[in-house]
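Reading the structure
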Amino acid sequence: MREKLEKIREQALAQIAASDALEKLNEVRVNILGKKGELTAVLKSMKDVAPEERPKIGQMVNETREEIEKSLEAAMKKMERAVREAKMKAEVIDVTLPAKKNIIGHRHPCTIALEEVERIFVGMGYEVVEGPEVEKDYYNFEALNIPADHPAKDEQDTFYITGDILLRTQTSSTQIHEMEKGRLPIRMLAPGRVFRSDEVDATHSPSFHQVEGLVVDKNITFSDLKGTLAEYARELFGEETKVKFRPHHFPFTEPSAEMDVTCFKCGGNGCRFCKGSGWIEILGCGMVHPHVLEMSGIDSETYTGFAFGMGLERIALLKYEIDDMRLLYENDVRFLKQF
Ligand code: DAH
């Protein structure tokens, strides 16, 4: 019996020492200490041992069991630690590696310019509104004093959906929508996309953006228009900016003008940027034609108003000194992120 126990002990310890995986240790445990294990078998055969020998042998069995259990436990812990260490080594984080950068977009120069224009007018009490891009001929032309046979219709040829429905050529159509709401006074700024049947070149595109302004109230005069737009120019291009109004013709305003600003590059002396003139044209404007007010249901005896409209791309091109409008539509991030 003693030899048998001794043999079991030696074998178990040797097997434990030779185990290189937790599963193998488990196998050893089952084979020796398990229900059908070798040591359990010895216990079961105690009944064959002489009674006086039993306590001694019993003690030996217990000692052997304890020793094997301890050895198993130690081996298991050691192995678990080794597995954990290997895992940590494999998962090591190199804090010196440069972090992955999230590439986030950049606001488009037209968006930046629009936000600047909106900021200035909102500061003067204007409300920003939107009108539809698909428009009825009535809103785009007729109600703006451009009847079917008017030559202005040729200058603003556009894309027709039907004979009567078209892509708007100017944000001026928004003026009509605002006036038709019948809420007075009006102080609105209407930015948006417009369309014209134009070929693409450095200064033209079949789709571009305008910003429209309209004020309708009692006692609005041309000096309100002048003062407002002069202040706008100073805020946008700098305190020293001067403005000049040249008489012009728009069917929906009377009188009408185009506004020039002193060249912010040369201060008005003349340079390559302003083509030597010292002035740069930035918008069209005028007093709202009484007929336009009347067509939209506003009493032109009581109310007067002024309107203005400008190309947003033109403002962005001027502000950022970009010389080709096409660059604004290519959306090349290397270009866009400069602004
Ligand atoms: N709608 C005109 C255009 O596209 C610009 C314009 C001129 C708008 C005078 C106005 C204005 O409101 O008063 O050429």
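In the block above lies the structure referred to throughout.
Our subject in this report is the structure included herewith. All values reported here derive from a predicted model rather than from experimental measurement.

Overview of the packing of aromatic side chains
- Following the criterion strictly, the structure yields twelve aromatic pairs and no others.
- Centre to centre, the rings of F264 and F273 are 5.7 Å apart; their planes meet at 65°, and the pair counts as edge-to-face.
- On the accessibility criterion, F273 (23% relative accessible area) is partly exposed.
- Cluster of aromatic residues (ring-pair linked, three or more members): F121, Y126, Y232, F306 and F308.

Brief notes about the state of the cysteines
- For the structure shown, the criterion picks out zero disulfides.
- Looking at the unpaired C274, the closest cysteine sulfur is the one in C266, lying at 3.7 Å.

Focus: the site of the ligand
- Taken together, 16 residues surround the ligand, and among them Q170, S172, R196, Q210 and E212 come closest.
- One of the side-chain nitrogen or oxygen atoms of Q175 is found 3.1 Å away from an oxygen atom of the ligand.
- Among the secondary structure elements, those contributing two or more residues to the shell around the ligand are β5 (207-217), β8 (279-288) and β9 (304-311).
- When grouped by side-chain class, the residues that make up the shell around the ligand number five nonpolar, nine polar and two charged.

What to know about the environment of E254
- Residue position: E254 is located in strand β7 (residues 253-262).
- A sequence separation of 56 residues divides E254 from M310, and the C-alpha atoms of the two residues are 17 Å apart.
- Contacts of E254, omitting those with residues within four sequence positions, involve M287 and H289.

A short note on the environment of P290
- When you line up the elements, P290 lands in helix α10 (residues 290-295).
- Note: C-alpha distance between P290 and E254 (36 residues apart in sequence) is 8.2 Å.

What to know about the pattern of salt bridges
- Summed over all chains, the structure comprises 15 salt bridges.
- For the salt bridge of E69 with R65, the shortest nitrogen-to-oxygen distance reads 3.5 Å. Taken as a pair, E69 and R65 lie in helix α4 (residues 54-90) at a separation of four residues, close to a single helical turn.
- The salt bridge involving E258 is made with R246; its shortest N-O contact spans 3.2 Å. In this pair, E258 is assigned in strand β7 and R246 in strand β6 (residues 243-248), connecting sequence segments twelve residues apart.
- On the accessibility criterion, E258 (11% relative accessible area) is buried.

Observations regarding the sheet that holds β8
- One open sheet holds the seven strands; their spatial order is β1-β4-β5-β9-β8-β7-β6, and the pairing between them is mixed. Edge positions in the open sheet fall to β1 (127-128) and β6, since each of these has one partner strand only.
- Summarising the sheet, β1 and strand β4 (residues 186-195) pair through two bridges and their orientation is parallel. Counterpart to E127 in the pairing with β4 is M188.

Here's the deal with the nonpolar core
- Counting residues in hydrophobic clusters, the biggest one holds 42 residues, and the most contacted among them are F121, L229, Y232, I282, L283, F308 and M310.
- Among the secondary structure elements, those contributing two or more residues to this core are α5 (109-123), β5, α9 (222-237), β7, β8, β9, α11 (312-320) and α13 (333-336).
- Here F308 is in contact with F121, Y126, L189, V211, E212, G213, L229, L283, G284 and C285, once residues within four sequence places are set aside.

Focus on a negative patch on the surface
- Negative charge collects at one region of the surface, where D154, E155, D157, D198, E199 and D201 lie side by side.
- Among the structural elements, D157 can be located in the loop between α7 (152-155) and β3 (165-167).
- Overall, D157 belongs to the partly exposed group, its relative accessible area being 39%.

Let's talk about the side chain of T64
- Take T64: it is sitting in helix α4.
- Looking at T64, its side chain comes within polar contact range of the main-chain oxygen of M60, at 2.7 Å.
- In this structure, T64 is in contact with L5, R9 and L39, ignoring residues within four places of it in sequence.

Considerations on the packing of helix α1 (residues 2-18) against helix α2 (residues 22-33)
- Where α1 meets α2, the axes come as close as 9 Å, and the angle between the chain directions of the two elements is 165°. Classed by the angle they form, the pair α1 and α2 counts as roughly antiparallel. Here α1 and α2 pass one another in a crossing that is right-handed. Contacts from I8, A12, Q15 and I16 of α1 reach α2 at L25, V28 and I32.
- Residues belonging to the contact of α1 with α2 are distributed by class as follows: six nonpolar, one polar and no charged.

Rules of the game
Residues numbered from 1 in each chain as written. Predicted model: local features only at pLDDT ≥ 70, side-chain atom pairs only at ≥ 80, totals over all residues. Heavy atoms only, no water. Phe/Tyr/Trp six-rings, centres within 6.5 Å; stacked < 30°, edge-to-face > 60°. Buried < 20%, exposed > 50% of the residue type's maximum accessible area, 1.4 Å probe, protein only. Disulfide = S-S within 2.5 Å. Near = heavy atom within 4 Å. Polar contact = N/O pair within 3.5 Å; in protein donor to acceptor, adjacent residues only side chain to side chain. Helix = DSSP H or I, 4+ residues; strand = E, 2+ residues; numbered from the N terminus. Nonpolar A, V, L, I, M, F, W, Y, C, P; charged D, E, K, R; others polar. Contact = heavy atoms within 4.5 Å. Salt bridge = Lys/Arg side-chain N within 4 Å of Asp/Glu carboxyl O. Pairing = 2+ DSSP bridges. Core = buried A, V, L, I, M, F, W, Y, C linked by side-chain atoms within 4.5 Å. Patch = residues over 30% accessible without salt bridge, like charges linked within 9 Å, V, L, I, M, F, W, Y side chains within 5 Å. Areas by Shrake-Rupley, 256 points an atom, 1.4 Å probe, with all protein chains shown as cover. Lys, Arg positive; Asp, Glu negative; His and termini not counted. Charge placed at Lys NZ, Arg CZ, Asp CG, Glu CD. Axes fitted to C-alpha atoms, helices over the stretch in contact; angles between N-to-C directions. Parallel < 35°, antiparallel > 145°, perpendicular 65-115°, else oblique. Left-handed = near helix turned anticlockwise from the far one by under 90°.

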